[in-house]
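Overview (structure and organization)
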Amino acid sequence: MATVAARPPVSIAGVRLDLGGGRRGTDMGPSAVRLAGLHDTLRRAGFEDVEDLGDIACPGAETADPGTARAHFLGPISRACRKVARTVRDILDAGRTPVLLGGDHSLSAGSIAGVAAHHRRAGRQVGVVWVDAHGDMNTPETTESGNVHGMPLAALLGMGPRELTVIGGRAASLPADRVALVGVRDLDRAERELIRHSGVDVFTMSDVDQQGIAAVMGRAIRHARGADGLFHVSFDLDVVDPQYAPGVGTVVDGGLTYREAHMAMELCAAAGGLTSLEMVEINPILDVQNRTGRLAMSLILSALGKFIYRA
């Protein structure tokens with residue numbers, strides 16, 4: 001029997017964005033998660049107040065300004081992120097929990113900027129648990145691909161192009177000492193140096209192997225929650241091993257197992273203070289029978305408080 005520890009009012013928004021990566025298809029990610037049965041599953045789990053705001057409009061590559069070789073589609077991505085930030089602020093202002101469906105990870109430059117701006121108005125600071133195979137801390141100067149989905153965390157920390165760093169109204173939306181990276185196993189060479197000197201707390205897959213996911217997530221959550229006790233979860237499905245999540249933007253072997261991914265989200269729910277959530281980089285074109293869409297759907301439930309059993 002499954003029970004739900006908490007049933008917050010939830011607002012779902014899709015972000016049909018695939019300009020940030022090197023492969024097309026993540027713009028269909030929101031549909032894949034809904035098709036997996038997100039709404040019905042939320043209702044069956046006891047979430048009585050759920051609204052779906054539909055999808056935030058994002059341009060396609062065919063009609064968008066391609067930008068430069070160091071930051072592909074930077075302009076249209078920035079404009080899409082501003083829409084995302086406004087949507088997230090509106091949801092939080094209404095006292096609801098935003099759940100964003102991606103879409104490539106560049107959307108987080110907007111979503112987290114919106115979360116941070118909302119809490120900043122009340123004198124609070126929010127942290128982030130960033131669960132990802134990659135660091136996403138490149139800038140146009142360090143990138144090896146020019147793909148902006150590898151830059152959003154750097155932008156949120158105030159590094160990189162102004163188009164991304166000031167979306168939340170100031171040059172750095174996040175303090176580095178409130179950010180925890182979990183599951184990292186694929187970093188660019190120059191990005192490695194940026195991370196090393198940033199102050200971000202990093203937990204690689206080697207840490208998960210050695211310490212276990214419960215210990216790693218416990219430390220990451222405590223780091224992100226800080227004194228205010230508030231944190232956002234940004235979950236890139238490529239952190240999960242491709243045998244469980246084949247349909248992602250950038251496949252990297254050696255990731256979290258199905259149960260480790262769920263344990264990570266269950267611990268976020270149990271900690272309290274989860275203010276908002278996003279599931280990103282779901283690419284149905286590369287998926288097998290919507291396995292990754294179904295996993296993203298079930299991970300959302302775990303993050304919101306659905307446990308296998310709780311007395």
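Residues numbered from 1 in each chain as written. Predicted model: local features only at pLDDT ≥ 70, side-chain atom pairs only at ≥ 80, totals over all residues. Heavy atoms only, no water.

1. A short note on the overall build of the protein
We apply this condition: Under the scheme used here, helices are H or I runs from DSSP no shorter than 4 residues and strands are E runs no shorter than 2 residues, and both carry numbers assigned from the N terminus. For this measure, only C-alpha atoms enter the radius of gyration; the expected value for a globule follows 2.2 Å times N^0.38, where N is the number of residues. Exposure is judged per residue with a 1.4 Å probe applied to protein chains only, and the accessible area is read against the type maximum: over 50% gives exposed, under 20% gives buried, and values in between give partly exposed. Note on definitions: a residue-residue contact is assigned when non-hydrogen atoms from the two residues lie within 4.5 Å. Method for areas: the Shrake-Rupley scheme with a 1.4 Å probe, in which residue coverage is limited to the protein chains shown. For this count, His and the chain ends are skipped, Lys and Arg are scored as positive, and Asp and Glu as negative. Where a charge lies is defined by one atom per residue type, namely NZ (Lys), CZ (Arg), CG (Asp) and CD (Glu).
When its secondary structure is counted, the protein shows 11 helices and 12 strands. Its C-alpha atoms give the protein a radius of gyration of 17 Å, within 12% of the compact-globule value 19 Å for 311 residues. For the C-alpha atoms alone, the extent of the protein along its principal axes is close to 55 × 40 × 40 Å. For the protein, buried positions account for 59% of its 311 residues. Contacts in the protein between residues far apart in sequence, at least 24 positions, make up 76% of those at least 6 positions apart. If you sum the accessible surface of the protein, you get close to 11,800 Å²; carbon and sulfur atoms cover 49% of it. Averaging the positions of the 32 positive and the 36 negative side-chain charges in the protein gives two centres separated by 5 Å.

2. Some points on unusual backbone geometry
In most cases, non-glycine residues show a negative phi, while peptide bonds are predominantly trans. Residues G102 and G103 are joined by a peptide bond in cis, for which omega reads 15 degrees. Inspection of the secondary structure puts G103 in the loop between β6 (97–102) and α4 (108–121). Although it is not a glycine, F73 sits at a positive phi angle of roughly 60 degrees. Since its relative accessible area comes to 16%, F73 is described here as buried.

3. Re the side chain of T165
One can find T165 in helix α6 (residues 162–165). Here T165 falls in the buried class, since its relative accessible area comes to 7%. Residues contacting T165, with those up to four places away along its chain left out, are A155, G158, M159, G160, R170, A171 and A172.

4. Topic: the packing of helix α3 (residues 74–93) against α4
Between two packed helices, what matters for the description is the angle formed by their axes and the separation of those axes. Short version of the rule: Whenever a helix is involved, its axis is fitted only over the stretch in contact; in every case the axis is a line through C-alpha atoms, and angles between N-to-C directions fall within 0 to 180 degrees. Should an angle fall under 35 degrees it is called roughly parallel, over 145 degrees roughly antiparallel, and 65 to 115 degrees roughly perpendicular, with every other angle called oblique. Left-handed describes a crossing in which the near helix is turned anticlockwise from the far one by less than a right angle; the clockwise case is right-handed. Nonpolar residues are Ala, Val, Leu, Ile, Met, Phe, Trp, Tyr, Cys and Pro. Charged residues are Asp, Glu, Lys and Arg, and all others, Gly as well, are polar.
Where α3 meets α4, the closest approach of the two axes is 7 Å, and the angle between their N-to-C directions is 40 degrees. In terms of orientation, α3 lies oblique with respect to α4. Between α3 and α4 lies a crossing whose hand is right-handed. Of the residues in α4, those in contact with C81, V84, A85, V88, R89, L92 and D93 of α3 are A109, G110, S111, G114, V115, A117, H118 and R121. A per-class count over the contact of α3 with α4 returns eight nonpolar, four polar and three charged.

5. Things to note about the nonpolar core
Applied cut-off: For this analysis, a nonpolar core means a set of buried residues of the types Ala, Val, Leu, Ile, Met, Phe, Trp, Tyr and Cys, connected via side-chain atoms within 4.5 Å.
Of all hydrophobic cores here, the largest spans 48 residues; its most connected members are L38, V129, F235, L237, M265, M279 and I300. The element best represented in this core is helix α11 (residues 291–304), accounting for eight residues. Apart from residues no more than four positions distant in its own chain, M279 is found in contact with L100, L101, G102, F235, L237, M265, A296, L299 and I300. Ranked by size, the runner-up nonpolar core spans 46 residues in total, among them F73, L174, L181 and I195.

6. Structural notes on the sheet that holds β6
Hydrogen bonds between backbone atoms are what pair the strands of a sheet, whose relative direction is either parallel or antiparallel. Put simply, the test is: One requirement defines pairing of two strands: DSSP has to find at least two bridges between them.
In spatial order, the strands read β3-β2-β6-β11-β10-β7-β8-β9; together these eight strands make up an open sheet with parallel pairing. Whereas interior strands pair on both sides, the edge strands pair on one side only; in this sheet they are β3 (50–56) and β9 (201–204). For this sheet, the mean angle separating the axes of adjacent strands, direction not counted, is 15 degrees. Relative to β3, strand β2 (residues 10–15) runs parallel, the two being bridged by five bridges. Each bridged residue has a counterpart across the sheet, and for G14 the counterpart in β3 is D55. Lying over the sheet, helix α10 (residues 258–271) contacts β7 (127–131), β10 (231–236) and β11 (274–280), oriented at roughly 165 degrees with respect to β10.

7. Structural notes on helix α9 (residues 213–225)
To keep things clear, this is the line we draw: Multiplying 1.5 Å by the residue count of a helix minus one yields the expected span of that helix.
With 13 residues, α9 extends 18 Å between its outermost C-alpha atoms, agreeing within 8% with the 18 Å of an ideal straight helix rising 1.5 Å per residue. Inspection of α9 places I213, V216, M217, G218, A220, I221 and A224 among the buried residues, and these make up the whole buried set. Structurally, α9 contributes buried residues whose contacts are with β7, β8 (179–184), β9, α8 (205–211), β10 and α10. G226 sits one or two positions beyond α9 and adopts a positive phi of about 55 degrees.

By themselves these figures say nothing about function.
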